[in-house]
Amino acid sequence: MLNNHYVQRFVKGWRIFIKNPVGKAGIGILTVFMIMALASFCLPLFGPMYDPMTGIDPNIKISTPPSLTHWLGTDNVGRDIFAQLLEGAKVAFIVGLSSAFFSIVLGTVIGMVSGYAGGWVDAILMRTADIIMVMPSLVILLILASLFGQFNIWLIVFIIAIMRWPAVSRVIRSQTLSLKTRPFIEASRVAGASSVRIIFRHIMPNVLPLAFLYMTFRVTAAILVEAALSFLGFGDPSQVSWGMMLQWVWKSGHMFQAPYWLIPPGISISLLTLAFYMLGRAMDEVLDPRLRKEGQS
Amino acid sequence: MSLLSVDNLSIGYETKNGMVKAVDGISFSLEKGRPLGFVGESGCGKTTIGMTLMGLLPDNAKILSGSVRFQTQDLVRLTEDQWRSVRGKDIAMIFQAAMNALNPVYRVDDQVREAILAHRPDISDKELNHRIRELFELVEIPYERIHDYPHEYSGGMKQRVIIAMALACQPQVIIADEPTTALDVIVQDQILEELRAIQSKLNTGLIFISHDIAVVASICEDICVMYGGQIVETGTRKEVFSSPRHPYTKTLLGSYLSLDNEEHIIIPDMRESADLTLASGCCRFQANCTACDAACKSDQPTWIDISPTHKALCCDAGIIRNPHD
Amino acid sequence: MTNYDPDKHPLIEMKGVTKAYNPRKGFFGRKGNKVLALNDIDLNIHKGEIFGLVGQSGSGKTTTGRLLVKLEDPTHGKIRLKGELINDLGGKPLQHFRSKVQMIFQDPYQSLNPHLSIAETISEPLVVHGIGSPESRREKVIQTLETVGLRPGKAFYNHYPHQLSGGQRQRVAVARAIVLDPEFIVADEPTSMLDATIAIQLLRLLSRIRDEFGMTFLFITHNLAAAKYLCDRVAVIHEGHIVEVNTAENIIRNPEHPYTKKLIKVQPGFRF
């Protein structure tokens, strides 16, 4: 599938994308966070003291402000905040991208099948989607967490994905409905193509750009849900994440005493979600020529 | 004195591959009471001409040269504000997708009313109602149907409303761009009949644009055949259709199917669409021309007169002068 | 489908075919009227002929075409291909039917998937019916491209639809329709979106394909002149009824039904 045509399409889209100041800013912020996430893999090189979870500076027993050995200071047990911030970036990417990816795959496949099949298949799938869509995902997560204790990070990813596919599948379904009556789909039916072939060969390439667009918005949502969950104390206790850092600040009573500890994770959460949102907005413009200014075609 | 005269007009579109000349140095004039027809295939620039005369060119289009003289003004130089007092009032247009030009949530008579009020805000109610009644009579829509909504009308009736709206302010020039293309032949025939009747009754200037040579022939006294942004042949309809001289006109006529001409059909060998990036003034038909020779590539075609009203644009006077070929 | 005798059965036979559409119920449960797109149609198309179906928009001509390629099924009535009923085909027999009957659509800008190359588009029927190896399919596609006048075939093989003109796209659509060597092709207004000079070339191509491969065509059009030019026999359809069937020549010369007469009268021509 990967051939010249797709490369050309990507290059063309990229050119429009990068002309957009919003897209440019989004990519810029994202790059910074990506470097941070990658840098977290280098932490062990600096010795056990900089392990974000277990690395304790033997000389420090309380939260200290930024210094040369600890650029952003330490938390109340002497762990390096900068190391935690880097680790948090990695976790945010993992949680955001993987749960967005799962929910998009689920939503796209269900949307295409539902739209193409129609009838009772459509009815069952879409009623299910409606039910899940009206459920408040954070509340559900909190109830589940209070029932089963704290979650493993992958379980959180999975639950967010399950909660978040319906909106995608609705959009993909309506796109599929309009594609379904297009003559090239009918031509393929007349030629004898099976439904599976029509869905994956003919409909999917036409809805994929839209699915990717929704993925960027889903990343934003997933990061926020994970942060909220962690802050409320239902996160994965074995994982450092930005939400978890906020939870620690609050729990140890440093909310108003240690701005160097509170502000970095808070700002990171806002900036990263903003970056993905801006990415989505700029992609929107690539996909919808009506949003484009003249002369950019 | 002609009603409207266009001189050496060139229009380009800014695209990512540079400037594309959609209209290349065309000149014509419109006389009162003599409908002028533009005929040509998609991409020949005929719609761009209509849009220019209405001041509705898209943002990426640019008038490169030439003038459009109408009354005392040069339309090319009008600002958007000045256009607003010309458009719809002095020059009106019947659009290609007219079926969708009506707003579905307003009654048709209100839409015609709106069209009149836009240019005559101080008209009295009595006069306004009288005028609306007059217009609907003119396009033969029964009075009891004028309070209907557009969806209650058939395609042909919607097209009549569009014509009524175009006539609302008694324009001096009407531009009809493919007004019957979306209609069935039977309805098309009625609308063309209607247009002919209105035209001879009101004696306005009419510019009729279509890809269908027979439709143009049934309405227009004078014909301009367009190819690749240039007018390649112009004359009265009799001259152009009975004695076509330009190779493209012959191709176009030779490939037109009617009920009684199948033995005269010449299957053309048109491979390429016109190259609009060629330097200005070049013959744009050369790639598809059967009579083309080496000279056509380098020479600039010139206007060759066949009669005072009939002329064609070609590099080779011999081809144009010879009626049989 | 065995032992088909073209003298005994027409290739296509429609008997008493009716197609009704149920409009959605109104907002307050008001019942909409049934719309009869086709009303009791009888039609025979013989092997090797180009049969014209002429009508205006909403006359039911496109519905007829869609029924014949089984994009839709009739409400009542029987449709036979080579004497065998196709109404309730499913599974294997349906797949076999799909290899025998093809369609060419009206809008060449909509009938090709923009994300598939010309080669992928034309070879799709071969792939779904499991015909040939990748190499032999490639050969067949190039050969078919040349048959429809896209020469050299290799030059177009890796193109995408957006790189082609409208006329070239429609030729690709013709290539996709004939690549399986079907017996019957429905061409639904294949030239109405094309310029006259391009349209006439496409009509010529269809008639050449019939002569060369002996395929049978249903040519659906609103243009009586085009039907007369291309077709052996013509049916005029009006509001879901077939009002007249005759040879193209006779229909123009001695129209019997008032609707046909009217249609002939309003054909644009050069009257001045």
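Residues numbered from 1 in each chain as written. Chains lettered and ligands numbered in written order. Predicted model: local features only at pLDDT ≥ 70, side-chain atom pairs only at ≥ 80, totals over all residues. Heavy atoms only, no water.

Draft legend 1. Fine view of the overall build of chain C. Counting its regular elements, chain C contains 10 helices and 10 strands. Residues classed as buried in chain C amount to 56% of the 272 residues present. Sequence-distant contacts, at least 24 apart, represent 69% of the contacts inside chain C between residues at least 6 apart. Accessible surface computed for chain C: about 11,800 Å², of which carbon and sulfur atoms make up 47%. Counting 36 positive and 28 negative side-chain charges, chain C places the centres of these two groups 5 Å from one another. (Helix = DSSP H or I, 4+ residues; strand = E, 2+ residues; numbered from the N terminus. Buried < 20%, exposed > 50% of the residue type's maximum accessible area, 1.4 Å probe, protein only. Contact = heavy atoms within 4.5 Å. Areas by Shrake-Rupley, 256 points an atom, 1.4 Å probe, with all protein chains shown as cover. Lys, Arg positive; Asp, Glu negative; His and termini not counted. Charge placed at Lys NZ, Arg CZ, Asp CG, Glu CD.)

Draft legend 2. Structural context of the overall build of chain A. Summing up its helical and strand segments, chain A has 10 helices and 0 strands in all. Each helix (α) and strand (β) of chain A, taken in turn from the N terminus, gives the series α-α-α-α-α-α-α-α-α-α. For chain A, the C-alpha atoms occupy an extent of roughly 75 × 50 × 30 Å along the three principal directions. Taken over 297 residues, chain A has a buried fraction of 51%. A separation threshold of at least 6 residues defines the contact pool for chain A, and within that pool the share at least 24 residues apart is 71%. Taken as a whole, chain A presents about 14,200 Å² of accessible surface, with 72% of it coming from carbon and sulfur. Charged side chains in chain A number 23 positive and 14 negative. The centres of these two groups are separated by 11 Å.

Draft legend 3. Looking closely at the pattern of salt bridges. Under the definition given, this model contains 35 salt bridges over all chains. For aspartate 122 of chain A, the salt bridge identified is with arginine 173 of chain A, shortest N-O distance 2.7 Å. On the criterion of sequence distance, the pair formed by aspartate 122 of chain A in helix H4 (residues 119-134) and arginine 173 of chain A in helix H6 (residues 153-180) is long-range, its members being 51 residues apart. As far as the burial class goes, aspartate 122 of chain A and arginine 173 of chain A line up, both buried. Put simply, Glu80, Asp81, Arg84 and Arg87 of chain B are held in one network by salt bridges that share partners. (Salt bridge = Lys/Arg side-chain N within 4 Å of Asp/Glu carboxyl O.)

Draft legend 4. Quick look at the interface of chain C and chain B. Across the contact, 26 residues belong to chain C and 29 residues belong to chain B. Contact between chain C and chain B buries roughly 2,600 Å² in total, counting both sides, with carbon and sulfur atoms accounting for 67%. The interface formed by chain C and chain B holds 0 salt bridges in total. Taken together, chain C and chain B are joined by 5 residue pairs in polar contact (both at pLDDT 80 or more). Of all the secondary structure elements, the ones that give two or more residues to the side of chain C that touches chain B are helix H7 (196-213), helix H8 (224-230) and helix H10 (258-266) of chain C. (Buried area = accessible area lost by both parts, 1.4 Å probe. Polar contact = N/O pair within 3.5 Å; in protein donor to acceptor, adjacent residues only side chain to side chain.)

Draft legend 5. Fine view of the sheet that holds strand E4 (residues 61-70) of chain B. Residues and elements named next belong to chain B. One open sheet accounts for 4 strands, arranged E2-E1-E4-E5; its pairing is antiparallel. Bordering the open sheet on either side are strand E2 (18-30) and strand E5 (73-74), each of which pairs with just one other strand. As paired elements, strand E1 (residues 4-15) and E4 share 8 bridges and run antiparallel to each other. Residue pairing in the sheet places leucine 4 in a bridge with phenylalanine 70 of E4. (Pairing = 2+ DSSP bridges.)

Draft legend 6. Seen up close, the pairing of E4 of chain B. Residues and elements named next belong to chain B. In the sheet, E4 pairs with E5 via 2 bridges, with the strands oriented antiparallel. The residue of E5 that forms the bridge with arginine 69 is aspartate 74. Counting the residues between successive antiparallel strands, the hairpin from E4 to E5 contains 2 residues, one of them, glutamine 71, with a positive phi of roughly 50 degrees.

Draft legend 7. Expanded view of unusual backbone geometry. The linkage connecting arginine 151 of chain C with the following residue, proline 152 of chain C, adopts the cis geometry, with an omega of -10 degrees. Looking at the secondary structure, you find proline 152 of chain C in the loop between helix H4 (134-147) and helix H5 (153-157). Within the chain, asparagine 8 of chain B stands out as a residue other than glycine whose phi angle is a positive 50 degrees. Looking at where asparagine 8 of chain B falls in the secondary structure, it is placed in strand E1. Its identity is not glycine, yet glutamate 239 of chain C carries a phi of approximately 50 degrees, on the positive side. Relative to the helices and strands, glutamate 239 of chain C is located in the loop between strand E9 (233-238) and strand E10 (241-247). When its relative accessible area of 59% is taken as the criterion, glutamate 239 of chain C is described as exposed.

Draft legend 8. How the structure looks around helix H9 (residues 242-251) of chain A. All names here are of chain A. Counting buried positions along H9 gives 8 out of 10 residues, so the element sits mostly inside the fold. Among the residues of H9, those classed as buried are Trp242, Gly243, Met244, Met245, Leu246, Gln247, Trp248 and Val249. Turning to H9, the residues buried within the fold contact helix H2 (21-39), helix H3 (81-117), helix H8 (195-231) and helix H10 (259-287). Backbone geometry just downstream of H9 places glycine 253 in the positive-phi region, at approximately 70 degrees.

Draft legend 9. How the structure looks around the nonpolar core. Among the nonpolar cores identified, the biggest contains 58 residues, and Leu257 of chain B together with Ile104, Ile122, Val174 and Phe219 of chain C are the most heavily contacted of them. The element best represented in this core is H7 of chain C, accounting for 7 residues. Residue contacts for leucine 257 of chain B: discarding those within four places in its chain leaves Ile265 of chain B together with Ile200, Leu203, Ala225, Ala226 and Tyr229 of chain C. Of all hydrophobic cores here, the second largest spans 57 residues; its members include Leu43, Leu86, Met112 and Val240 of chain A. (Core = buried A, V, L, I, M, F, W, Y, C linked by side-chain atoms within 4.5 Å.)

Draft legend 10. Representation of the environment of leucine 192 of chain B in the model. Residue and element names in this part refer to chain B. Summarising the element assignment, leucine 192 is placed in helix H6 (residues 185-202). For the pair leucine 192 and aspartate 125, spaced 67 residues apart in the sequence, the C-alpha separation amounts to 32 Å. Setting aside anything within four residues of it in sequence, one finds leucine 192 in contact with Thr180, Phe208, Val215, Ser218 and Ile219.

Draft legend 11. Inspection of the packing of aromatic side chains at higher detail. All names here are of chain B. Counting across every chain of the model gives 14 aromatic pairs over all chains. Ring plane angle 50 degrees and centroid distance 4.6 Å describe the contact between tyrosine 227 and tyrosine 248, whose orientation is recorded as tilted. In this pair, tyrosine 227 is assigned in strand E9 (residues 222-227) and tyrosine 248 in helix H9 (residues 247-254), connecting sequence segments 21 residues apart. Its relative accessible area of 6% is what places tyrosine 227 among the buried residues. Relative accessible area serves as the criterion here: at 0%, tyrosine 248 is assigned to the buried category. (Phe/Tyr/Trp six-rings, centres within 6.5 Å; stacked < 30°, edge-to-face > 60°.)

Draft legend 12. Spatial organisation of the packing of H6 of chain A against H8 of chain A. Residue and element names in this part refer to chain A. Taken N-terminus to C-terminus, the directions of H6 and H8 make an angle of 150 degrees; their axes are 9 Å apart at the nearest point. One finds that H6 runs roughly antiparallel with respect to H8. Two packed elements cross with a definite hand, and for H6 against H8 that hand is right-handed. Each of Ile153, Ile156, Ile160, Arg164, Ala167, Val168, Val171, Ile172, Gln175, Thr176 and Leu179 in H6 lies in contact with H8, whose residues at this interface are Ile203, Asn206, Val207, Leu210, Ala211, Tyr214, Arg218, Ala221, Ala222, Val225, Glu226 and Leu229. Of the residues in the contact of H6 with H8, the class split is 17 nonpolar, 3 polar and 3 charged. (Axes fitted to C-alpha atoms, helices over the stretch in contact; angles between N-to-C directions. Parallel < 35°, antiparallel > 145°, perpendicular 65-115°, else oblique. Left-handed = near helix turned anticlockwise from the far one by under 90°. Nonpolar A, V, L, I, M, F, W, Y, C, P; charged D, E, K, R; others polar.)

Draft legend 13. Inspection of a positive patch on the surface at higher detail. A cluster of basic residues, Lys12, Arg15 and Lys19 of chain A together with Lys16 of chain B, forms a positive patch at the surface. If you trace the backbone, lysine 12 of chain A turns up in helix H1 (residues 4-19). The class for lysine 12 of chain A is partly exposed, based on a relative accessible area of 46%. (Patch = residues over 30% accessible without salt bridge, like charges linked within 9 Å, V, L, I, M, F, W, Y side chains within 5 Å.)

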